[in-house]
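# Topology and contacts: notes
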Amino acid sequence: MVALAGLASAAIMVAALGACAWWTLRTYSRSADAAREERVRAVAGLIGRSAEGLLANNEHSSVRRMVAEATLAQGFERCRIVLPAAKGLVVADGQTSGRVTYAEMPAKWEDESKLIAGGGSAMDTFTRRPDGVLEARVPLVVPGRGTAMLEIDDAHRLTSAETWPLQAGIGIIAATAMGAMWMGYRAMRRRVRALGAIGEALRSSSQPGSAEGELEVNPELGVEAAAWNRIVAERRVFKEHQSGARIAESLASRRSRDGELGSVCDGLWMGLLLVDDRMKVKYANGAATVFLNTGREALIGSDLNKALDDPKVRDAVRGIMDGSIKSRTVAEVRRLADPNAAASSGGAVAGAIGASVLRITIRPLRREDSATALIVIEDVTQQRVADEARNSFVAQATHELRTPLTNIRLYLEMLVDGGGADDPQKRSDGLNTISQEVRRLERIVGDMLSVAEIDAGSLKLNKDDVRVATVFEELSSDFREQAASKEITLKLDLPPKLPVIRGDRDKIVMALHNLVGNAIKYTPAGGEVTVRVGEEKGQLSVEVIDNGIGVREEERELIFEKFYRAKDRRITSVTGTGLGLAIAREVVRLHGGDIIVRSQLDKGSTFTMTLPMAA
Ligand code: ATP
Ligand code: MG
């Protein structure tokens, strides 16, 4: 492309130079012709006037000499004087080969009157023939003799000797211009080649699959190419820096992710252990160290058997390592309750069943990897306690239901068989017993329904104004007989004025019944039960105080759990489902109050129920 452009401009330049040279030469030759013509005119005039005088004096030889000299001097092609009126007689001829007629020269050859006075310059003619020869025709008037004609043919043209300096000048200018142009072209071509190479590199680098190095161009193409290569190199270095920074960033974020993962594992409630093929602990989270009752430093790197010595766990880990076990194995480990760990999860519950129960799940970390075993430790003490409570409830409920049902069946059979037909007392006792047992059944079923409602979250209160005074009057009459039969003194310590509160009367009465009923049930004969009512900080407080068998410290919260009954023979010998306190506390809490217990084993208990009066 550059070569084409160079060729085109060279051609234009040559044409321009040629035109210029032609124009200069033409103008030069025209002005030379004009100057020559001027000269011919001057010479013709001079010869004409001189010839007129000389011919008038008949000095023919002088005329001839003059014409010959002028022809020689001016280089005329022809210069002669003829007498047209005397049959074209030639008077003088400058050319050596010219034909001069001397002898017949007449003395007079034309009438003078026809002549124009004053040399007849008005009739001078100068014409240029097509072949470029200048023809000068000058009529001469020779006084007293006639007219003659001076004929000059001037074929003088510019010679190469005259024009060569001009041509040489033009040639030098043209050569200089061409040389300068050639040099400019060379320089431009070098530059443009660098730019072309850069353009080509950019085009090829935009093709898919091109490499970074392809952007570089031949540095010999000039400073532009070198500068371009420098920019490309700087870009490469910048990109390398950038990718380095990206790698560092991703490493840092990965590190922080690992750290976060560690914190997440530490925050898990379940214990995690990783064990290698030599049975060494590789990793342990915070919960694992608590469950295994050891420090993390001591645990990591130590033998698993030291921390968790259970044959089933050991066999499972070995099986994973030798590849014979691919799925998970679950083992349950009972550990004696650690008195120091009482505050940890399940500690209090563990006390109830005598040990904490850990469920250990052992599995390979990855299905295809048998080199690491993952051990997950969960505290299932609560679940086990609940299971046991439920099982004992089923047994208790069966027992509870069976006893009244058996009594009802026996008395009904007696009445059906006609027993007591003649003894009205026996008959009425039988019917009374049946009625009592049915009520007992009703209460048990009612409690079970309430528990189901609490579990489902659908226990609702039917609130109304409750006159507290009447509630306690009824309470005292309800339990008077039961207390008396057990030789228990039931005292009511009531303030002179009792308020009216808002609440669900039946449910509040049910809760109070359970508290007072428990106090009487779990106080041996001859004891004392006091119900003390008071008002404090806008709350109604009811204390049920007995001097009965009391509650062990570790069971003081558990007795509010559903189905829970104290593990005491004096308690289990008394009928009950363990639902009363759970229902009572839930009911009171729905009113915005609470039930708490203070107790000393074998000395007695105080259950305090608080109810907001504005409730
Ligand atoms: P029921 O469902 O028939 O009331 P229950 O009386 O055994 O059966 P709760 O009223 O819930 O059940 O009481 C739970 C447990 O709390 C009792 O089994 C008992 O161990 C303990 N308890 C409750 N009140 C007393 C008390 N006044 N003195 C000693 N222990 C008590
Ligand atoms: Mg009870």
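Notes on the structure follow. None of these values were measured; they are calculated from a predicted model. (Residues numbered from 1 in each chain as written. Chains lettered and ligands numbered in written order. Predicted model: local features only at pLDDT ≥ 70, side-chain atom pairs only at ≥ 80, totals over all residues. Heavy atoms only, no water.)

Residues Ile595, Val597 and Ser599 point to one face of strand 16 (residues 594-600) and are all buried, whereas Asp594, Ile596, Arg598 and Gln600, pointing to the other face, are not buried. One ladder, built from seven bridges, connects strand 16 with strand 17 (residues 604-612); its direction is antiparallel. Directly across from Asp594, in strand 17, lies its bridge partner Thr610. Here strand 16 hands over to strand 17 after three residues, with Asp602 in that stretch at a positive phi of 65 degrees. (Buried < 20%, exposed > 50% of the residue type's maximum accessible area, 1.4 Å probe, protein only. Helix = DSSP H or I, 4+ residues; strand = E, 2+ residues; numbered from the N terminus. Pairing = 2+ DSSP bridges.)

Let's shift gears to the packing of aromatic side chains. In the structure shown here, the tally under the stated rule is two aromatic pairs. Measuring from ring centre to ring centre gives 6.3 Å for Trp22 and Trp23, while their planes differ by 45 degrees; the resulting arrangement is tilted. One residue, Arg41, lies across the ring of Phe126, its end atom 4.3 Å from the ring centre. A cation sits over an aromatic face here: Arg585 above Phe560, 3.7 Å from the ring centre. (Phe/Tyr/Trp six-rings, centres within 6.5 Å; stacked < 30°, edge-to-face > 60°. Lys NZ or Arg CZ within 6 Å of the ring centre and 35° of its normal.)

The backbone of Met279 shows a phi angle near 65 degrees, a positive value even though the residue is not glycine. Within the element layout of this structure, Met279 appears in the loop between strand 6 (271-276) and strand 7 (281-284). At Glu487, a residue that is not glycine, the phi angle is positive and equals roughly 55 degrees. Assignment of secondary structure puts Glu487 in the loop between helix 12 (468-485) and strand 12 (489-493). For Glu487, a relative accessible area of 60% corresponds to the exposed category.

This paragraph deals with the coordination of the magnesium ion (ligand 2). In this structure, Asn514 (OD1) and Asn518 (OD1) serve as the protein donors to the magnesium ion (ligand 2), at separations of 2.1 to 2.4 Å. With Asn514 and Asn518 both in helix 13 (residues 505-521), this residue pair falls four residues apart, about one helical turn. The residues Asn514 and Asn518 share a single accessibility class, namely buried. (Donors = N, O, S within 2.8 Å, 3.2 Å for Na, K, Ca; no water.)

Pairing in this open sheet of five strands is antiparallel, and the strands run 2-1-5-4-3 from one edge to the other. Since the sheet does not close on itself, it has two edges, and those belong to strand 2 (89-93) and strand 3 (125-128), each with one partner. Recorded for the sheet is a direction-independent mean angle of 20 degrees between the axes of neighbouring strands. Here strand 1 (residues 78-83) pairs with strand 5 (residues 146-154) via five bridges, running antiparallel. (Axes fitted to C-alpha atoms, helices over the stretch in contact; angles between N-to-C directions.)

Turning to the site of ligand 1, a few remarks are in order. Taken together, 22 residues lie near ligand 1, and Asn518, Tyr522, Arg565, Thr577 and Leu581 sit nearest. Interatomic distance of 2.9 Å between a side-chain N/O atom of Asn514 and an oxygen atom of ligand 1. In the model, an oxygen atom of ligand 1 is placed 3.0 Å from a nitrogen or oxygen of the Ala566 main chain. Here ligand 1 has 590 Å² of accessible area as a free molecule, and 99% of this is covered by the chains. Those elements that place two or more of their residues in the shell around ligand 1 are helix 13, helix 15 (580-590) and strand 17. Residue contributions to the shell around ligand 1 peak at four residues, all from helix 13. Its residues placed into classes, the shell around ligand 1 shows 10 nonpolar, eight polar and four charged. (Near = heavy atom within 4 Å. Polar contact = N/O pair within 3.5 Å; in protein donor to acceptor, adjacent residues only side chain to side chain. Areas by Shrake-Rupley, 256 points an atom, 1.4 Å probe, with all protein chains shown as cover. Nonpolar A, V, L, I, M, F, W, Y, C, P; charged D, E, K, R; others polar.)

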